[in-house]
Each structure stands twice: as structure tokens, then as C-alpha cells.
Amino acid sequence: MALLELQGVTKSFGGLMANYDISFSIEKGELVGLIGPNGAGKTTLFNCISGVFPLSSGKIFFDGEDITRLKAHEVARKGLARTFQVYVASGDMTVLENVMVGCFMHTRSRSKAKSTARQILDDLRIGDLSEALVHELPVASQKRVTMATAIATKPKLLMLDEVAAGLNPGEIEEIMGSIRHLHDDLGMTVILIEHVMELVMKISHRIVVLDYGRKIAEGPPEAVSRDPSVVKAYLGERYAQDSTVDGG
Amino acid sequence: MEVLNSAFDFKDFPRLDLTIAALVAVFLAFFPVLPHSSFAMATVIQFLMFSLYGMGWNTIGGYGGQVDLGKAQYVGIGAYTTAVMLTKWDISFWFSMPVGVCFSVLWSFILGYPLFRLKGHYFAIATIATSLVLKDLFEVWDFVGAARGIEISPIQFPSPDFIRLIFKEDVYYYYLILIFFFIGILYMNWFRKSRLGFQLRAIKDNEEVARSLGINVHWAKIRTYAIATAFVSVVGSFHACYIKNIEPEDTMSLDISILIALMAMLGGAGSLWGPIIGAGILIPLKSYLKEWLGARAGLIGIDLIIYALIIMAISAFEPRGIWGIVQKIRRRRR
Ligand SMILES: Nc1ncnc2c1ncn2[C@@H]1O[C@H](COP(=O)(O)OP(=O)(O)OP(=O)(O)O)[C@@H](O)[C@H]1O
Ligand SMILES: [Mg+2]
């Protein structure tokens, strides 16, 4: 049984079909990439799965349970954690306190929350930032903090929305290392959005491609990167024709 | 057990803060035996009461970031419950006070459920409106004396009466509210470190993120609003016995609601000491201004002008008030 299964997920904003009839599933232990050009509907799909938006139609099953109509906090409690593409930490919470909020999903005890939060921060190698205020940190560190906070809820599925966007190559390498660690060493199931294809190609087992709200391709990275419709979506109609001409 | 440990654990504050807090506590404990005027005594009692109102406000308004400008309605519910039960049926404060809390909390649930669907300014305005409506209702409700209010006539009760809380000398009221004040601090010290306290701060930071961490944002706000309400209602009950003459106009007026919020914001919304610092500045200021301006009736609006200036200063310079400034300086030093 798949851990997450989408059946014909559709979400429209007025006349705009941000997601249209999207179906795919994720098995336990997989690391799946969700890619697509700007405005393809990736973030919207995350919002649909995590209960931020009600679906226009379609169904979502998680761990064998229908979660289509659950609210965001209920979905989170089922074991689905996510990060946000645009994250504004405005408040006065320290990094440690932020992660503790995640830990409090499973305990009332502050000391337990604190020690778990410390562990997670050390594990992501940002233990030295514990006492810093989140909004004073550079973007790269903030992204790791949001990951740490999500992990603190002990999710069965971790959904990451562009955690590498806006980072320099060195920082990207580091954060990809962290994601691999979560997956390989801690056995977490992960789905990550990136719109830079190369990046996801390297670490994903499988890739789902969206364009204009539709799923246009799905499969192992090598196959997807050669798929003409994907090439077309990313590089425009002309390039796709040229490359098929070249290839033939 | 962990609750008590946490309530008594102030170790995360620097030694300087704890020393100041201890000195203030000792001063408050011995204030009545020091030479003082009855005016000063009344002012310090007001300070303690408003600190408690502010602590209550601080849960939802400070930690939760939901600006509540309708706390006076719960002062009224607490005060009226105690006054009515005492004057009509001669019921003890120690019974009427918890009954008042129940009424207040019930009312807070009825209001909180729809009000917390509103965001930001709309929420603030709605709290003002509900408070004013409740005040208007009390003004025409004959059972509670309508606009005349209720007078608790001390002649009926020989003093000192610890059951009904009717004393001739203010010093009894003083020590009672001082005990409430210390309990309030311990409760808030636990609250800020509790799960709910953390969840509220997350909500204030970003509601969408809070939801993604499994927090039922709506319910967390309603619960916290009930806690804030309970604080205010207890002091409202005390207010009835202390003032002995309650009218809708002065127990439930908008001034009270605004003063409660303003004090907490001036001292530092979302911090343990903020409401106390705010009350420590504004309450003496208010009572001495009133005393000083008593003769100059034409200048009476001056306290409102001062409030307005404070609001502007807070929003322009430091939304987290005086405590926010202190914290900033400390962070820079490190
Ligand atoms: N709340 C909303 N209301 C109306 N339209 C929306 C809303 N959220 C997203 N959209 C629209 O839905 C489409 C898909 O947006 P979405 O944010 O899901 O794209 P994305 O694939 O995440 O893009 P990016 O790579 O830029 O993050 C866009 O046209 C966007 O304008
Ligand atoms: Mg997006």
C-alpha cells in the first residue's frame, strides 16, 4: 500500500486550474522529486495535500486513510510535515524554541521537547545556532531551521518546498546532504519541490513533473529528463522540436 | 509536579532581573508597614489589580498576538456576579468569585468562537464592540441596578469579614490582592513555558506554519482567551468588594479595556514582566495626574493625550515595549 496516494486531484482558483486531475503515489521510503516551471502548480499541490486548500475534486489517501477533507492541523497530526516556500519568521523565537514547537506535537513536557529539539538541531548540524533568533539568520540557515521544525513532528512523510532556492552552490550541497541523511540514515520518506531540475535529478528515485497544473511526466530521473514533453515545458516549444530533429 | 517546578523556575532570567524582582517583591510585602498616605495605598492596590489584568491580557494579546480591546466586559461579569450574589443572597466572595469565572469563561467561549474567525484589526474592533454592547445591556438591566449599578453597603457587614471580603481598612485588600499578584506571576511563569505558550508564539509568528505543526489555531486561541478572561474576572470580583460601588460606566468602560492593553504593550507584550512594568508606570501616572488635574477640570483630556503618545511611540519604535528595548540592548552587548 502506498504511503501517499493522489487520485485526480484538482484545484481551481476561479477560472484558473492550478492543479488538474493529478494522480500519483509515493511508497514508504521513497525520495520523490516534484518539478515544473514557475507557476506549474507545485506549491498548490502541497497545499492541497497538507490541507491548506480544500480540493475542487479528487481524493487523497495517506497511510491507508482518506485525508481529503481534513484540516491542515489534522493532516499534520497524521504524520505529514511540510516546509513553506516563502517563510517569514518575524517573531522573537529562538531556533531552539521554534523546533520545540514541532516537538510539542507529541509531548506536553517542556524538558522532553527541549532535549528532542537539541538532538534534531545537532543532527542537522545547526546546534550552534540554538539561541539565535530565527529572523536574524541568513536564508540558508532559516531553511534548515524550518526543516528541523518539520522533522520535530516525527512525520511519516516530509514535504519540502524549494529548500534550496536562493542558496549558493555550497549551501545547496549542504542542504542536499541533509536531505540525503534524513532519507538514507533516518529512513524518512521525502517529497521535494525544486524547479532547478539538475538538483532533484541527483538525489530523487523518481520524479513527477507538472506543467500548467497537469502532470506531464513521471518516472526515474534519466527517463524524465529525456522526455520530450518535459524538455518542451522547461525550454519552450522550439527547443523541443529542435532536439527531436537533432535526435532523429 | 513538573508544573510546579516550572512555575517556580525563573532561572532563565539574568541575575540582575531577579534581584530587581526580589527587591520589588520585598518592597510590596512591607509597603503597608512603611509610612504612606491612603492615596498611595489605593494607587498600589490599583497597580496590583491592573498588573493582574495585564497578565491575563498578555496571554492572548501578548503571547498570542491577538489584540484584545474588550477586557472590561469580563471585569464587569466578575464584579457583577460577586456584587449581585453578595447583596441579594449574602453569598461569600470565595463562592461568587469562581461562579463569576464560570460565567466569564462561558461568555468568552460564546464570543471567542466567532470572533477568532476574524483577523487582526477586525478582531480588535469586534472585541471593543462586544464589550460596549454588554455594557449597554447592563445599563438597562434592572436586576443588576441598571445604570445606577450596585452598592455594597459596608454598614451591613462588620469588618473585617474574610468570608464576604468586606473590610474597613485597605490593608486587608492590599495583602489579598498581593497574594493574587504573586500567584498570577507564578501562573504566567508556567504558562510562558507551557505547550500552549509555545503554540501561541508560533501562531503569532505565522498561523499557516503553526497549523502545519499540528496546532489547532482556532481552538488554541479560544482556550487562551478563556484563560485571559478568568484572570480578569477574578480581579473584577475583587474590584466589587474593594470599590463597593459598581456601575457599568466605570467597571466596563472602554477606557479600562484600552488601559489594560496599553499597559501590557508599553511594558512589553509577550513577556513575563511586561504587564507589571507597564502597570508600574501607567497606574501611578494616571492616579497622580488625576489628583493633580482635579482642580483644573479643563485639562482633563491630558491622560488620553498621554495614552495616544504612548501608542504612537510603541508602534513607531518598539512593538515589544520597554521589555523589548531591554532585550535588544542585551542582545547587542553579547
Ligand atoms: N491562493 C491562490 N489564489 C489564486 N491563485 C493562486 C493561489 N495560489 C496559487 N495560485 C496560482 O496557481 C498557479 C500555480 O501556482 P503555484 O504557486 O502552485 O506554482 P509553483 O509551481 O509552486 O510555482 P513556483 O515555482 O513559482 O513556486 C499560479 O498561476 C498561481 O498564480
Ligand atoms: Mg511554489
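As a starting point, this report considers the structure included with it. (Residues numbered from 1 in each chain as written. Chains lettered and ligands numbered in written order. Predicted model: local features only at pLDDT ≥ 70, side-chain atom pairs only at ≥ 80, totals over all residues. Heavy atoms only, no water.)

## A few points about the interface of chain A and chain B
And step 1. If you look at the interface, chain A gives 33 residues, while chain B gives 19 residues.
And step 2. Taking both partners together, chain A and chain B bury about 2400 Å²; carbon and sulfur atoms supply 54% of that area.
And step 3. Inspection of the chain A/chain B interface yields one salt bridge.
And step 4. Notably, a salt bridge pairs Arg201 of chain B with Glu97 of chain A, separated by 2.8 Å at the nearest N-O pair.
And step 5. Applying the counting criterion to the chain A and chain B interface returns six residue pairs in polar contact (both at pLDDT 80 or more).
And step 6. When residues of the side of chain A that touches chain B are traced back to their parent elements, those giving at least two are α2 (72–78), α3 (95–103), α4 (110–123) and α5 (139–151) of chain A.
And step 7. Class assignment of the residues belonging to the side of chain A that touches chain B gives a composition of 14 nonpolar, eleven polar and eight charged. (Contact = heavy atoms within 4.5 Å. Buried area = accessible area lost by both parts, 1.4 Å probe. Salt bridge = Lys/Arg side-chain N within 4 Å of Asp/Glu carboxyl O. Polar contact = N/O pair within 3.5 Å; in protein donor to acceptor, adjacent residues only side chain to side chain. Helix = DSSP H or I, 4+ residues; strand = E, 2+ residues; numbered from the N terminus. Nonpolar A, V, L, I, M, F, W, Y, C, P; charged D, E, K, R; others polar.)

## Some points on the packing of α3 of chain A against helix α8 (residues 195–205) of chain B
And step 1. Between α3 of chain A and α8 of chain B, the shortest axis-to-axis distance is 9 Å and the interhelical angle comes to 110°. By the angle between their directions, the pair α3 of chain A and α8 of chain B is classed as roughly perpendicular. Between α3 of chain A and α8 of chain B lies a crossing of left-handed hand. Between α3 of chain A, through Glu97, Met100 and Val101 of chain A, and α8 of chain B, the contact on the second element is made entirely by Phe198, Arg201 and Ala202 of chain B. (Axes fitted to C-alpha atoms, helices over the stretch in contact; angles between N-to-C directions. Parallel < 35°, antiparallel > 145°, perpendicular 65-115°, else oblique. Left-handed = near helix turned anticlockwise from the far one by under 90°.)

## Describing the site of ligand 1
All names here are of chain A.
And step 1. Surrounding ligand 1, one finds 14 residues, the nearest of these being Gly39, Lys42, Thr43, Thr44 and Gln85.
And step 2. The backbone of Gly39 places a nitrogen or oxygen atom 2.9 Å from an oxygen atom of ligand 1.
And step 3. Between an oxygen atom of ligand 1 and a main-chain N or O atom of Gly41, the distance comes to 2.9 Å.
And step 4. Coverage of ligand 1 by the protein amounts to 63% of the 640 Å² it exposes when considered alone.
And step 5. Looking at the shell around ligand 1 element by element, the count peaks at three residues for helix α1 (residues 42–49).
And step 6. The class makeup of the residues in the shell around ligand 1 is five nonpolar, seven polar and two charged. (Near = heavy atom within 4 Å. Areas by Shrake-Rupley, 256 points an atom, 1.4 Å probe, with all protein chains shown as cover.)

## Focus on the coordination of the magnesium ion (ligand 2)
Residues and elements named next belong to chain A.
And step 1. Listed as protein donors to the magnesium ion (ligand 2) are Thr43 (OG1) and Gln85 (OE1); their distances from the metal cover 1.9 to 2.1 Å. Placement of the pair is Thr43 in helix α1 and Gln85 in the loop between β6 (80–82) and α3, with a sequence separation of 42 residues.
And step 2. Classification of Thr43 by relative accessible area gives partly exposed; the value is 25%. (Donors = N, O, S within 2.8 Å, 3.2 Å for Na, K, Ca; no water. Buried < 20%, exposed > 50% of the residue type's maximum accessible area, 1.4 Å probe, protein only.)

## Overview of the side chain of Arg82 of chain A
And step 1. Relative to the helices and strands, Arg82 of chain A resides in strand β6.
And step 2. An unpaired buried charge is present at Arg82 of chain A: no salt bridge exists, and Asp161 of chain A, the closest side chain of opposite charge, is 4.4 Å distant.
And step 3. For Arg82 of chain A, the side chain forms a polar contact with the side chain of Asn47 of chain A, separated by 2.5 Å.
And step 4. Separated by 3.0 Å, the side chains of Arg82 of chain A and Ser50 of chain A make a polar contact.
And step 5. In this structure, Arg82 of chain A is in contact with Phe46, Asn47, Ser50, Val52, Ala150, Met159 and Asp161 of chain A together with Ser212 of chain B, ignoring residues within four places of it in sequence. (Lys, Arg positive; Asp, Glu negative; His and termini not counted.)

None of this, on its own, says anything about what the molecule does.
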